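Remarks on the overall topology
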Amino acid sequence: MFTLPEKESRAPTTCPGSASIQDLGSSYGDGLEEECSRKPDQKLLELYGVGDPIAMFFSDSSYLSSRGRIIKWFWDSAEEGYRTYHMDEYDEDKNPCECEEEAVGVIMCASVKYNIRGPALIPRMKTKHRIYYITLFSVVLLGLIATGMFQFWPHSIESSNDWNVEKHSIRDVPVVRLPADSPIPERGDLSCRMHTCFDVYRCGFNPKNKIKVYIYSLKKYVDDFGVPVSNTISREYNELLTAISDSDYYTDDINRACLFVPSIDVLNQNTLHIKETAQALAQLSRWDRGTNHLLFNMLPGGPPDYNTALDVPRDRALLAGGGFSTWTYRQGYDVSIPVYSPLSAEVDLPEKGPGSRRYFLLSSQMALHPEYREDLEALQAKHGESVLVLDKCTNLSEGVLSVRKRCHKHQVFDYPQVLQEATFCVVLRGARLGQAALSDVLQAGCVPVIIADSYILPFSEVLDWKRASVVVPEEKMSDAYSILQSIPQRQIEEMQRQAQWFWEAYFQSIKAIALATLQIINDRIYPYAAISYEEWNDPPAVKWGSVSNPLFLPLIPPQSQGFTAIVLTYDRVESLFRVITEVSKVPSLSKLLVVWNNQNKNPPEDSLWPKIRVPLKVVRTAENKLSNRFFPYDEIETEAVLAIDDDIIMLTSDELQFGYEVWREFPDRLVGYPGRLHLWDHEMSKWKYESEWTNEVSMVLTGAAFYHKYFNYLYTYKMPGDIKNWVDAHMNCEDIAMNFLVANITGKAVIKVTPRKKFKCPECTAIDGLSLDQTHMVERSECINKFASVFGTMPLKVVEHRADPVLYKDDFPEKLKSFPNIGSL
Amino acid sequence: MQSWRRKSLWLALSASWLLLSFLGIFPLLRLAVPPRSRPGVPQGWPRWLDADLLQSFSQPGELLEDAPQPPQAPHGGSCNWGACFDTSKCRGDGLKVFVYPEAGPISETHRRILASLEGSRYHTFSPAEACLLLLLIPDTSTSECSSVPLQWNRGRNHLVLGLHPATCLRTFQLGQAMVAEASPTVDIFRPGFDVALPLLPKAHPLRGGASGQLRQHSPDPGVALLALAEERGGWRTAGTNSSACPWDGRCEQDPGPEQTHSRETLPNATFCLIPGHLPDASHFLQALQAGCIPVLLSPRWELPFSEVIDWTKAAIVADERLRLQVLAALQEMPPARVLALRQQTQFLWDAYFSSVEKVIHTTLEIIQDRVSGASARPSLLWNSPPGALLALPTFSRSLHDFPFYHLQQGSCPEGRFSALIWVGAPGQPPLKLIQAVAGSQHCAQILVLWSSERPLPSTWPETAVPLAVIEGHRKVSDRFFPYSTIGTDAVLSLDAQSSLSTSEVDFAFVVWQSFPERMVGFLTWSHFWDKARGSWGYTAERANEFSMVLTTAAFYHRYYHTLFTHALPKALRTLADEAPTCVDVLMNFLVAAVTKLPPIKVPYGKQHQEAAPLPPEVPGRGPELQPATQDCINQLAAGFGHMPLVSSRLRLDPVLFKDPVSVQRKKYRSLEKP
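Residues numbered from 1 in each chain as written. Chains lettered and ligands numbered in written order. Predicted model: local features only at pLDDT ≥ 70, side-chain atom pairs only at ≥ 80, totals over all residues. Heavy atoms only, no water.

**Notes on the overall build of chain A**
Put simply, the rule reads: In this text, helices come from DSSP runs of H or I with a minimum length of four residues, and strands from runs of E with a minimum of two, each type numbered from the N-terminal end. Throughout this description, buried means an accessible area under 20% of the type-specific maximum (1.4 Å probe, protein chains only), exposed means over 50%, and partly exposed covers the range between. Contacts are assigned to residue pairs that have any heavy atoms within 4.5 Å of one another. Residue burial considers only the protein chains on display, and all accessible areas are found by Shrake-Rupley using a 1.4 Å probe.
When helices and strands are counted, chain A shows 22 helices and 26 strands. Put simply, chain A has 825 residues, and 58% of those count as buried. Within chain A, counting contacts between residues at least 6 apart in sequence, those at least 24 apart form 77% of the total. Put simply, chain A shows about 34,700 Å² of open surface, and 55% of that area lies on carbon and sulfur atoms.

The following block contains the structure:
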């Protein structure tokens, strides 16, 4: 033994659970305990049977934590790419006549036929004529091919979307004349709810829990006098319908549709004739009192009283409206959407991270009610520089776009760039409650201060606006400054980040608005497949960093349930029987499962097995794979599982019982006996596996470990990437894979129980040889590096503690201790 | 000539054939196989040739230059938060609630609810300074509602709370008052203004309450998939194989797996189907308590506390018209979702529904959150353990500051701690202890809480970390006051008589970082049920298990100071002040009630136990504590409504603790000194 240098202490900011970065120099030492690696003979035997009859590839992996999920996504998309690539090849092989040169192919077939008939004619001709004809025909043929190519080639260069869609001009759409006396729908029914006004039966047969949306074809509606009832379609509404049409929701089969979207553009009420638009709606082929029809409207109402919902009578149709108030919004039926700001597409604001900015509070809206402007200016007078109230510019020279400029006194500011200079931005109600300024403000990462009583914020059904905005009652406007100042800086920064994220995800484009609206409706119809609060609201950085433990409820399972021991064995019957006998002495054992992994040899006869007090079951596997030990067998009835190798004969009954007790206190962790550590090798810049006597552990070997049976399910069906197959192919590292899986999904460290000791082969000495041991360590290190790359992160947590019985090694009468026989070598 | 003719013939033929192919075949082909609509590809919305020329839905000026218009007055009759609640009275610390005293004869439960409210942190005796005025509707459904009280003021800032459906609520002149009633129908419920309460059974416990029935995370393999709420009040369980039968009662052909249960029993199934009619709302809480995932079919009533509770995490609200689809979805539901839903039902039950007191406090906290506006609790606080009643927004708005959310936030607790040394009556500055603690690399500051009659010593030892002295009010509960000088998440609470080594402090702190929501201590007590006396007891005897750690030497999160001072009922804190040992028990009760987990014990060197026994005035040294102090645990258990303490049988030691390996290899070697 030699003295070791003191280890570098970790920086105080490091989590206890974060990856350990240590000096490798300290880890070579007195090999007091050899890692008894798998014996070479066993290894050879294990090597046959690489394959996976029960391996099922589940592409959906929502069970991984989000980090894993993103990696998984990459994996999936890579695989998908691969599949498509091969599909392409397959197509080429199989049906050359059905590809782009279809017509050419037919001609070729025809000419071949002609040639076949040829021999009957040609012998009668002279040889030189024959040559002449043949030349002639080949020229004709070539010409034809060339023409064919010319005809069809350009199309195959164009994108496939355009290939499917006919090109038309909007001026060519059919005109529909609406008689003056055609029916008008009832006014909107305020008591509508999904279960009263929505015909959900239409959505009954949609596969994959996805509603199907039909879009009516575009028509131009004119009244009796030939006056158009509205603009045929606006740019935004066209974008919106295109987005729906390109999405998974779209169907062109009106009979299978669950939701109907009229192509009648009602985004802006100012641009349409109310009565005639209503008549146009009523004559839609599936109108049926507006059931399951969805209308999009961003600017409702009109002078003088500006209703907060679209005035067009629409009966039972759902309204996705911008600017609802609590009095017009039908909770759980309508969808509140943002007012799209065309500036979003025009202006590309430079990225600006959260933090404090030049102005604390900014008002940039131009048309404010004079009362409000007075209030704001009073704020400015009171708080000086930190408040900026902007107005229209009156002195701009001709040709300057007044929409993009704001002024304060004589100072001119660029809009929306100036929003990036402010921490909080006021979004006041105008005549309408919904303001396009909200979108601009969010884009600039400015926290909106919403002053519009009774306004239903966009997508408020799913978005948590408390995280991204401050709502101030109108009468409290004068207190706005002090309300905002009470918010701590850290929270402001979170709100700025959140505001930016809301814009990126739900405000940025018409497409984002349309798809979020459909998703909300979809989630109402298929609530069991709905998107969660976190998926709606957490910015990607949070999703990436957070862990949601699948066993989050603090709960200590009752001791009476006991555990199921699973012994993985190949053919070491004698050792196996010893393990069974030892394990059966543990009071809390409720069942013993032997996984017989040898296909060439039958398990011993029933009479030869040790007689034990609990049920013993033998499962024969179809193939010799390591992952068989983690299969969620139906026989496992308890939550706790003890995985144990068939050569772990040194664990005492006290140690096992204590291990089970520890698992009950930590049911979401791996609780095991032999502990291992991963280290960062600075020289090689990669991870290294460590089995020496270290002060830390980050893994426990599943040669003897308790864990929750749910992890068996995860290991078998939700293991990210190719890890499972990789483990089976290499016949190694299934335990490391399990450690990665559990640490990644729970975010918690393992618990090592009881002192270090020898677990198997008491006669095992260093005879195994250094070389074998070293190759073993190299292989294990490779596993860690491989898994870390598949997970995209190093999920393992390093801890410095292990669990012992309360009175372990205490000066206390041994016979009074619950677990006296612990740690004996 | 022959050849010429033949030549011209052939030429003509080929030319005409060429022409034919050009003119005929393509159109023919196009007719036969329209190339632009291949089967299987849906005909999408057309790509207009002139799409770029389309006008925007609004002109640039139009969005900005709305005609200004004075603010709308709220429509008569319907109220919302902004229009009908005056938050100007609600400044300052926390919601102040005035409760109208009982008028006339009231039931026993009603009286107890009033008493419990008066003992809570919300209560104020003056209606003038109250932010909210609470009118409790008696649960006698027959009698008339009491007449409009004195300070009614058209119901402004009033909450009319009816725990049980009361007919008189319909006739009551509400004015601008908010209504909190059990399972209101969706038609009359005003979101963001009214509060939906759960439909409580008549005999719901006032305080504490039965904990959830869930004993294990994953469903038992043998358990039935479905239980259907029956109109008579019981539950009917059905196996997985019967598909449509639970719906229409046509199950006669398949009576095997079915069982009907009486009214009282809780359903033992994975999912509980609850039809949407109002009378079935009472089944909802039963299912929640049993850990049976409620599947609500188009409920006509508002789910309890829907304003803050994200019910999609604990229940499935489905359309009753898509029954078969719902059934199929339940059968195919991935195990992870089932697992999460089950656990959430239990968490919600324990956090908000298990007692009348919790239901009322939740109602008040919802209103508190509305008042606070920007500094209201984030959704995560309401929807993940330990729940909003135990996560006070007054402590911090940032989730990182709480001990509970590090995993969800991907953050980790701070790497430093503050040592808080309480100097009691003897008034000896604990010099040795200060040196030992200051020697820890993780120590950020040392705070001495001087609670002695003696004057403050003028000099303090030189330490590597800042040392500050706080003068206490000589009350034991001062030890857990949230002093603003505590600058770190972790607090090491110490007594002047405690004796610790630097190694012990270091190791205990590293362990605490892995369990920031628990207490990590050195000396332990355990509680037990004394059958002879029929009451709880606790002992300091060394045993194979423990359930409390002494706060004379323990790490815990500074948030527990806030919780101790602001969330505990005053009566309990007074109790602790009167019997000083009780304060340890109280703190352990509090942390266990929040975490539902035992504390953690770390090794404590034998040398201290002999050299410096704990102060004699701290009982618990003797084999059995005095009956008087024993009574503390029973009073606390009554105050909490249940026994929150949980026992543990393990101690966390350093990985190489007492292993047969060179001491030089061990990081915490001085822990092993004999």
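**A closer look at the pairing of strand β3 (residues 132-136) of chain B**
Residue and element names in this part refer to chain B. Quick reminder of the rule: Each pair of strands is called paired provided DSSP finds at least two bridges between the two strands.
Here β3 lies mainly inside the structure; 5 of its 5 residues are buried. Sheet analysis places strand β2 (residues 97-99) next to β3, joined by 3 bridges and oriented parallel. By the bridge assignment for β3, Val99 is matched with Leu134. Here 4 bridges tie β3 to strand β4 (residues 158-162), and the two strands are oriented parallel to one another. Paired with Leu135 across the bridge in β4 is Val160.

**Side note on the nonpolar core**
Looking at soluble globular proteins, one finds that nonpolar side chains tend to be buried together. What counts is decided by this rule: We call a set of buried Ala, Val, Leu, Ile, Met, Phe, Trp, Tyr and Cys residues a nonpolar core when their side-chain atoms join them within 4.5 Å.
Phe417, Val437 and Ile446 of chain B are the most contacted members of the largest nonpolar core, which has 136 residues in total. No other element matches helix α17 (residues 582-595) of chain B, which puts 11 residues into this core. Dropping the residues within four chain positions of it, Val437 of chain B is found in contact with Phe417, Ala419, Cys443, Ile446, Leu492, Leu494 and Val505 of chain B. Judged by nonpolar contacts, the second largest core, of 105 residues, contains Ala422, Ile450, Ala516 and Ile520 of chain A.

**Brief notes about the sheet that holds strand β19 (residues 535-539) of chain B**
Residues and elements named next belong to chain B. Spatially, the 3 strands line up as an open sheet ordered β19-β18-β20, and their pairing is antiparallel. Of all strands in the sheet, those bounded by a partner on one side alone are β19 and β20 (548-549). Judged from the 5 bridges that link them, strand β18 (residues 524-530) and β19 form a sheet pairing that is antiparallel. Within the sheet, the bridge partner assigned to Ser526 lies in β19 and is Thr539.

**What about α17 of chain B?**
To keep things clear, this is the line we draw: Helix span, as expected, comes to 1.5 Å for every residue beyond the first.
The end-to-end C-alpha distance of α17 of chain B is 20 Å, a good match for the 20 Å that 14 residues give at a rise of 1.5 Å each. Remark: Lys596 of chain B follows α17 of chain B within two positions and exhibits a positive phi of approximately 60°.

**Details of the pattern of salt bridges**
How we decide: For this analysis, a salt bridge means a side-chain nitrogen from Lys or Arg found within 4 Å of a carboxyl oxygen belonging to Asp or Glu.
Applying the stated criterion to the full structure yields 46 salt bridges over all chains. Lys405 of chain A is the salt-bridge partner of Asp414 of chain A, the closest N and O atoms lying 2.4 Å from each other. Asp414 of chain A sits in the partly exposed class, given a relative accessible area of 39%. One salt bridge in this structure joins Glu672 of chain B and Lys666 of chain B, with 2.8 Å as the shortest N-O distance.

**Considering the state of the cysteines**
Residues and elements named next belong to chain A. Operational definition: The definition used for a disulfide is geometric: two cysteine sulfur atoms within 2.5 Å.
Applying the stated criterion across every chain yields a total of 8 disulfides over all chains. Across a sulfur-sulfur distance of 1.8 Å, Cys192 and Cys197 are joined as a disulfide pair. Judged by the sign of its S-S torsion, about -85°, the bond between Cys192 and Cys197 is left-handed. Across this residue pair, the class does not change: Cys192 and Cys197 are buried. A sulfur-sulfur separation of 1.9 Å characterises the disulfide bridge that pairs Cys393 with Cys407. Between Cys393 and Cys407 the disulfide shows an S-S torsion of about 100°. By sign, it is right-handed. Here Cys393 is found in the loop between β10 (387-389) and β11 (405-408), whereas its partner Cys407 is found in strand β11, with 14 residues between them in sequence.

**Structural notes on the sheet that holds strand β14 (residues 447-451) of chain A**
Residues and elements named next belong to chain A. Applicable threshold: Angular values range over 0 to 180 degrees, each being the angle between N-to-C directions of two axes fitted as lines to C-alpha atoms, with helices fitted over their stretch in contact.
Across the sheet, 5 strands lie side by side as β10-β9-β13-β14-β15; this open sheet has parallel pairing. Pairing within the sheet leaves two strands with one partner each, and these edge strands are β10 and β15 (470-471). As judged from the 4 bridges shared by strand β9 (residues 359-363) and strand β13 (residues 422-428), these two strands associate in the parallel manner. Its bridge partner being in β13, Leu362 is matched across the sheet by Cys425. Where helix α10 (residues 370-383) meets the sheet, it contacts β9, β10 and β13, and its direction lies at approximately 145° from that of β10. Lying over the sheet, helix α13 (residues 489-507) contacts β13, β14 and β15, oriented at roughly 90° with respect to β14.

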